[in-house]
Amino acid sequence: MKIRQYFIFLLILLALLLTLAIFPQLVPSELKNFTFRLPKIDTIGHFISFFLLTWVAHSLIKVPLVISVITLIFYAACTEIGQYYLGFRSADWFDFLADATGVISFLLIKLTYLKYVSLKKPTIKVTMK
């Protein structure tokens, strides 16, 4: 049941983004102007995409959290190194930091959530008489 909820959420998010990409006139011009005036919109995109990629890898594909974090940080480093050697792309240290920060942010949020859930569970004390 939980996987179905994630899948439906991702489908709705994808449909919304696809709709906005096909019909850009639906996005208010004030929002477009504000968004593209941001100096590091690319870095923000890296953070969000790796946060979501970690979420998908851990929650939908069921890869253990530690393996997801290590693998995705390694993947982020490899993509930036690969871009360094491509003629039409450029590697950026801040993009790698944004990727790693997105992965680590998911890790911290997930660990905080797990700690919160474990604190809310009632403990049963067994006493011997």
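To start, this report covers the structure provided alongside it. (Residues numbered from 1 in each chain as written. Predicted model: local features only at pLDDT ≥ 70, side-chain atom pairs only at ≥ 80, totals over all residues. Heavy atoms only, no water.)

1. Quick notes on the packing of aromatic side chains
The way to describe two aromatic rings as a pair is by their centre distance and the angle between their planes.
Reasoning step 1: Under the definition given, this model contains 5 aromatic pairs.
Reasoning step 2: Considering the side-chain rings of F51 and F106, the 5.6 Å spacing of their centres and the 75 degrees angle between planes classify their relative orientation as edge-to-face. Of this pair, F51 sits in helix α3 (residues 41–60) while F106 sits in helix α5 (residues 93–120), and the two are 55 residues apart along the sequence.
Reasoning step 3: One aromatic cluster is present, formed by F47, F51 and F106 through successive ring pairs. (Phe/Tyr/Trp six-rings, centres within 6.5 Å; stacked < 30°, edge-to-face > 60°. Helix = DSSP H or I, 4+ residues; strand = E, 2+ residues; numbered from the N terminus.)

2. Here's the deal with the environment of W93
Reasoning step 1: Its place among the elements puts W93 in helix α5.
Reasoning step 2: With a relative accessible area of 57%, W93 lands in the exposed category.
Reasoning step 3: Sequence-wise, W93 and A77 are 16 residues apart; in three dimensions their C-alpha atoms are separated by 9.3 Å. (Buried < 20%, exposed > 50% of the residue type's maximum accessible area, 1.4 Å probe, protein only.)

3. Things to note about the nonpolar core
Reasoning step 1: Counting 12 residues, the largest nonpolar core is built from Y6, F50, W55, A57, L65, V69, L72, A76, F96, V103, F106 and L107.
Reasoning step 2: If sequence neighbours within four positions are ignored, V103 has contacts with F50, T54, V69, L72 and I73. (Core = buried A, V, L, I, M, F, W, Y, C linked by side-chain atoms within 4.5 Å. Contact = heavy atoms within 4.5 Å.)

4. Comments concerning the environment of F7
Reasoning step 1: Structurally, F7 is set in helix α1 (residues 2–22).
Reasoning step 2: In the structure, F7 is positioned 49 residues away from V56 in sequence and 9.6 Å away in space, judged by C-alpha atoms.

5. Here's the deal with unusual backbone geometry
Reasoning step 1: Phi is positive for K62, which is not a glycine, with a value near 65 degrees.
Reasoning step 2: Mapped onto the fold, K62 is located in the loop between α3 and α4 (65–85).

6. Some remarks on the packing of α3 against α4
Reasoning step 1: At a minimum axis distance of 10 Å, the contact between α3 and α4 shows a crossing angle of 140 degrees. With respect to α4, the axis of α3 lies oblique. The way α3 lies across α4 gives a crossing that is right-handed. Of the residues in α4, those in contact with H46, F50, L53, T54, A57 and H58 of α3 are L65, S68, L72, Y75, A76 and E80.
Reasoning step 2: In terms of residue class, the contact of α3 with α4 is built from 7 nonpolar, 4 polar and 1 charged. (Axes fitted to C-alpha atoms, helices over the stretch in contact; angles between N-to-C directions. Parallel < 35°, antiparallel > 145°, perpendicular 65-115°, else oblique. Left-handed = near helix turned anticlockwise from the far one by under 90°. Nonpolar A, V, L, I, M, F, W, Y, C, P; charged D, E, K, R; others polar.)

7. Focus: α4
Reasoning step 1: Relative to the 30 Å expected for 21 residues at 1.5 Å per residue, α4 spans 31 Å between its end C-alpha atoms, a close match to the ideal helical length.
Reasoning step 2: Along α4, the residues that are buried comprise L65, S68, V69, L72, A76, E80 and Q83. Relative to the axis of α4, the buried residues are bounded by an arc of 100 degrees and lie together on one face. Seen from the buried face of α4, the exposed residues on the opposite side, beyond 90 degrees, are V66, I70, F74, I81, Y84 and Y85.
Reasoning step 3: Contacts from the buried residues of α4 go to α3 and α5. (Expected span 1.5 Å × (residues − 1). Arc of directions from axis to C-beta.)

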